[in-house]
Amino acid sequence: MLKVKNVEKTFGDNQVLRGVDMEVEKGDIVVILGPSGSGKTTFLRCLNFLERADGGAMDFDDIHTELKDASREIISRVRKKTAFVFQNYNLFQNKTALQNVMEGLTVARKVPKAEALARAKAALDKVGLSERYDYYPSQLSGGQQQRVGIARAIAVDPDVLLFDEPTSALDPELIGEVLAVMKKLAKEGATMIIVTHEMTFAQEVANKVIFMDGGVIVEQGSAEQIFTSPKEERTIQFLRRVLKDYDYVI
Amino acid sequence: MQLNTQFMWETFLAVLKGVPVTLAIVAVTLLVSAPAGFLMAVKKAGEGRIGRRIITVYVSLIRGTPVVLQILFLYSLLPTALNYLIKEVMGLSYNIFNVNPIFYAYVVFILNTTAVLAEVFRSALSTVSKGQMEAALAIGMSKPQAYVRIILPQALVAALPNICNATVNLLKSTSLAFMMTVRDITAIAKIEASFGYNYLEAYLVIFVVYIILCSAVQGAFHLTEQGVAAYKKPVAP
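Sequence positions are assigned chain by chain, starting from 1 and proceeding in written order. Here the convention is simple: chains get letters from A, ligands get numbers from 1, in the order in which they are written. Only residues with pLDDT of at least 70 are given local features in this predicted model, and only at 80 or more are side-chain atom pairs given and counted; all residues enter the totals for whole chains, interfaces and linings. Hydrogens and waters are ignored; side-chain quantities use all the structure's heavy atoms.

All right, on to the nonpolar core then. Core analysis: the largest hydrophobic core is formed by 157 residues, its most contacted members being Met22(A), Phe43(A), Leu124(A), Ile150(A) and Ile193(A). Broken down by element, this core gets its largest block of residues, 13 residues, from helix α7 (residues 143-173) of chain B. Excluding its chain neighbours within four sequence positions, the residues that come into contact with Phe43(A) are Val4(A), Val7(A), Leu17(A), Val20(A), Met22(A), Ile32(A) and Met212(A). For this analysis, a nonpolar core means a set of buried residues of the types Ala, Val, Leu, Ile, Met, Phe, Trp, Tyr and Cys, connected via side-chain atoms within 4.5 Å. Only protein chains enter the accessibility calculation, which uses a 1.4 Å probe; a residue is then buried when its area is under 20% of its type maximum, exposed when over 50%, and partly exposed in between. Residues Tyr58(B), Val59(B), Ala115(B) and Ala118(B) belong to the second largest nonpolar core, which totals 6 residues. Only runs of H or I of at least four residues qualify as helices and only runs of E of at least two qualify as strands under DSSP, and these elements are numbered from the N terminus. Contact between two residues is taken to exist if any of their heavy atoms lie within 4.5 Å; hydrogens are not considered.

Turning our eyes to something else, we now look at a nonpolar patch on the surface. Residue and element names in this part refer to chain B. Exposure above 30% relative accessible area and no salt bridge define the residues that can form patches, which grow by joining like charges within 9 Å and nonpolar side chains of Val, Leu, Ile, Met, Phe, Trp and Tyr within 5 Å. Each accessible area is a Shrake-Rupley estimate made with a 1.4 Å probe; only the visible protein chains count as cover when residues are assessed. A carboxyl oxygen of Asp or Glu within 4 Å of a side-chain nitrogen of Lys or Arg is what we treat as a salt bridge. On the surface, a nonpolar cluster with roughly 640 Å² of combined accessible area is contributed by Tyr84, Leu85, Val89, Met90, Leu92 and Tyr94. Assignment of secondary structure puts tyrosine 94 in the loop between α4 (67-89) and α5 (102-125). Judged by relative accessible area, tyrosine 94 falls into the partly exposed class, the value being 47%.

Here we take up the layout of surface pockets. The distinction between a cavity and a pocket rests on a 1 Å grid over the protein atoms alone: a 1.4 Å probe fits inside a cavity but cannot get out, while a pocket stays open yet meets protein on both sides within 12 Å along at least five of seven lines, and a residue with an atom within 4 Å of a point counts as lining. Grid points are joined across faces, edges and corners, and a volume is the space filled by probe spheres set on the points. Approximately 1,500 Å³ is the volume attributed to the largest pocket. Lining the largest pocket are 37 residues, with Glu47(B), Met133(B), Leu137(B), Lys143(B) and Tyr147(B) positioned closest to its centre. Elements supplying a minimum of two residues to the lining of the largest pocket: α2 (72-81) of chain A together with α2 (19-45), α5, α6 (130-138) and α7 of chain B. When residues of the lining of the largest pocket are assigned to their parent elements, the largest contribution, 6 residues, is made by α2(B). Note on residue categories: nonpolar means Ala, Val, Leu, Ile, Met, Phe, Trp, Tyr, Cys or Pro, charged means Asp, Glu, Lys or Arg, and polar means any other residue, Gly included. When the residues that make up the lining of the largest pocket are grouped by side-chain class, the tally is 17 nonpolar, 7 polar and 13 charged. Considered as a void within the structure, the second largest pocket measures approximately 360 Å³ in volume. Going through the elements one at a time, α4 (113-126), α5 (142-155) and β7 (160-164) of chain A are the ones with two or more residues in the lining of the second largest pocket. The element contributing the most residues to the lining of the second largest pocket is α4(A), with 4 residues.

Following this line, the structure appears as structure tokens:
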């Protein structure tokens, strides 16, 4: 469904991505792991053109484009087929939870207001925020804000959901509620690409794990394969650092 | 020394006729300058190097010169230049010197206030986090949609106190319009006073008139500020 090849990105004289390939099928849960600075967030942002890649190609259903010179129209189409969940939530501060979720429907997709309202409410209900329709982001906890962020993403019914470290900005006790929502989505068959540091979560939901370091994919495979029998030394080192009980897993 | 209260009352009634003129200058200026200043601020934050350069030069040119000088300069230049343009270049017989001088006042104050508001909006836009634009784009909005629906309403909260300031300053500097023979509050007061040399009384009257107008502007902005900042209320509904 979504295939990118040889994605490259340079900031100044720092080459962040050195040719990354990825293939995602419908229903895939792809988790991208890697130390900070490995380029995983940049890679995710290149997928919906929040960052303009310097090289690489994309095949996304009937869209075929070079990333570097994708037209405004192509970018708009890709963005309407995807939805992005940010590390810092990035909820529209001047809109209520319900308006945040409706915005992508009524404004970007011209969905009639009544239908948008119903879909937005359904999305908020799904993430367990039926009591918080009319709250502004500043009146919500971090976990609640991120759940609104997820509701905003799923309401537009995207082909692919992109998650950029969705729990990294949260207090430890709030991480659970967000992961629970994401697990629910995974179970319902959503296609998701997730950059995360939550190893247990990755092990549990991912059917494909990509380990990135230094702007390249070091190793990829099934969750089982990566977590229990990684081949590359760098993957083993990384997992040892982030998984306290890694030795027991092996 | 005794104040001529009868004269003051008559002057007050007379200058009331100047209030709509003053307010018209303020309103027209703001209607043009606010969107123009906002667009300039957006352009200045954007990528076009030439556009940015032009705006920087324009803003420093306007802000680096006294309003009085701008008035004197444009009021000397514009009618002559327009006259030349109409008569010599376009070959029309329209007499530009019959134009209501208020149009020159519009031009001067629009040029001036646009520069001020461009700076106001530039700093206000920088208070809105970059993530807001990214989130809007990611959800499929176009840039103009994102600006109108997400960025501008938030920037306004930071900008309003400064826009209020700019408006009050504008209202006060419209008193210079008399230099272009516009019959605004100040001009009328001067004319009334000149008949019997009652300058002190006349100025006292418009002193009060300006205070009332400026207070009204500040009050209006105060109410607007509360309205646009509603989403910052810490208390849940």
